[in-house]
Amino acid sequence: DRGAVLVIGDSHIPFEHKHYLDFCLEIYHRVKCTQVVHIGDLVDNHAISYHEHDPNGQSPIDEMREADNHLKRWFKAFPSLFLCRGNHDALVDRKSRTVGLPERVFRQFRDIWRLPKGWQDAFSWEIDGVIYQHGTGYSGDNAHLKVAYNNRLSSVIGHTHSAGAVGYMANEKECIFGMNVGCGIERSTYAFAYGKDFRKKPILSCGVVTDKGR
């Protein structure tokens, strides 16, 4: 019988908060979760992003090597997991289209990061009638409600780092929820220097969906 679902927020490895993995594990065991979803932006890919790069930051290969080392801990902690690919996860594919290279010359996302067999990756998942997706294309404090409204199903997202919330919508026939699980980033790293002067700061959190999605 399936129990609670732990939902891990945007981790942006290797720029995740140093205690985020331990926090997610603690919640997983405390609530007795039986399934795990990572809501996306598993890795940051800062060095190949379309934004300005820190000239003192790591090269693409050095960032990947550090990410590999961090990922080993995550793979060990959660042997089985449903991953929603986020916009940062998709940067390699986006770059290939920018330079006009065909898909066949690139490796698949799961091969680049050596995802274990127990990690399944897709853009979205449906578990017990709840949609899990990264949230690309949505923004604002109520993005989670907009996603649920558009899906016509209870929905869980990440993507908007400064939001962490649950809201409900109901009519005569049904009640559905939208959840934003926040993130697990370390905002003091150079990868997030763009947010230094933002008034809203990241919400460090994860989510749990209980009672078979209800």
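That block above? That's the structure.
A quick note: this is a predicted structure, and the numbers were derived from the prediction, not measured.

Here is what the cut-offs are and how they apply
- Counting restarts for each chain: residues are numbered from 1 in the order of the written sequence.
- Side-chain atom pairs in this predicted model are given and counted only at pLDDT of 80 or more, local residue features only at pLDDT of at least 70, and totals for whole chains, interfaces and linings cover all residues.
- Each side-chain value is derived from all of the structure's non-hydrogen atoms; neither hydrogens nor water enter the calculation.
- Where helices and strands are cited, they refer to DSSP runs of H or I of at least four residues and of E of at least two residues respectively, numbered from the N terminus.
- Under the scheme applied here, a residue whose accessible area is under 20% of the maximum for its type counts as buried, over 50% as exposed, and between as partly exposed, the area being computed with a 1.4 Å probe on protein chains only.
- We treat two strands as partners when DSSP finds at least two bridges between them.
- Between N-to-C directions, angles span 0 to 180 degrees; the directions come from axes that are lines fitted to C-alpha atoms, helices contributing only their stretch in contact.
- Buried residues of nine kinds, namely Ala, Val, Leu, Ile, Met, Phe, Trp, Tyr and Cys, make up a nonpolar core once their side-chain atoms join them within 4.5 Å.
- By definition in these notes, contact holds between two residues if any of their heavy atoms fall within 4.5 Å.

K.L.:
Teacher, can you tell me more about the environment of Asp141 here?
P.N.:
By the secondary structure assignment, Asp141 is in the loop between strand S6 (130–133) and helix H5 (143–151). The exposure class of Asp141 is partly exposed, given its relative accessible area of 41%. Distance from Asp141 to Lys173, taken between C-alpha atoms, is 26 Å for residues 32 residues apart in sequence.

K.L.:
Teacher, can you tell me more about the sheet that holds strand S7 (residues 155–157) here?
P.N.:
Strands pair in a sheet through their backbones, by hydrogen bonds, and they do so in one of two ways: parallel or antiparallel. With respect to topology, five strands assemble into an open sheet ordered S5-S6-S7-S9-S8, the strand pairing being mixed. In this open sheet, the two strands that pair with only one neighbour each are strand S5 (124–127) and strand S8 (164–170). Strand-to-strand twist in this sheet, taken as the mean axis angle between neighbours without regard to direction, amounts to 15 degrees. Looking at chain direction, S5 and S6 are connected through four bridges and run antiparallel.

K.L.:
Would you mind showing me how to read the nonpolar core here?
P.N.:
A general feature of soluble globular proteins is that nonpolar side chains tend to end up buried together. Core analysis: the biggest nonpolar cluster contains 25 residues, and Leu6, Ile8, Leu42, Trp74, Phe78, Trp113 and Leu115 have the highest contact counts within it. Taken together, the elements giving at least two residues each to this core come down to strand S1 (4–8), helix H1 (20–30), strand S2 (33–38), helix H2 (60–77), strand S3 (81–84) and helix H4 (109–112). Among residues more than four places away in sequence, those in contact with Leu42 are Ser11, His12, Ile13, Leu71, Leu83, Asp89, Phe109, Leu115 and Trp119. Ile39, Ile127, Phe177 and Val181 belong to the second-largest nonpolar core, a separate cluster that totals 15 residues.

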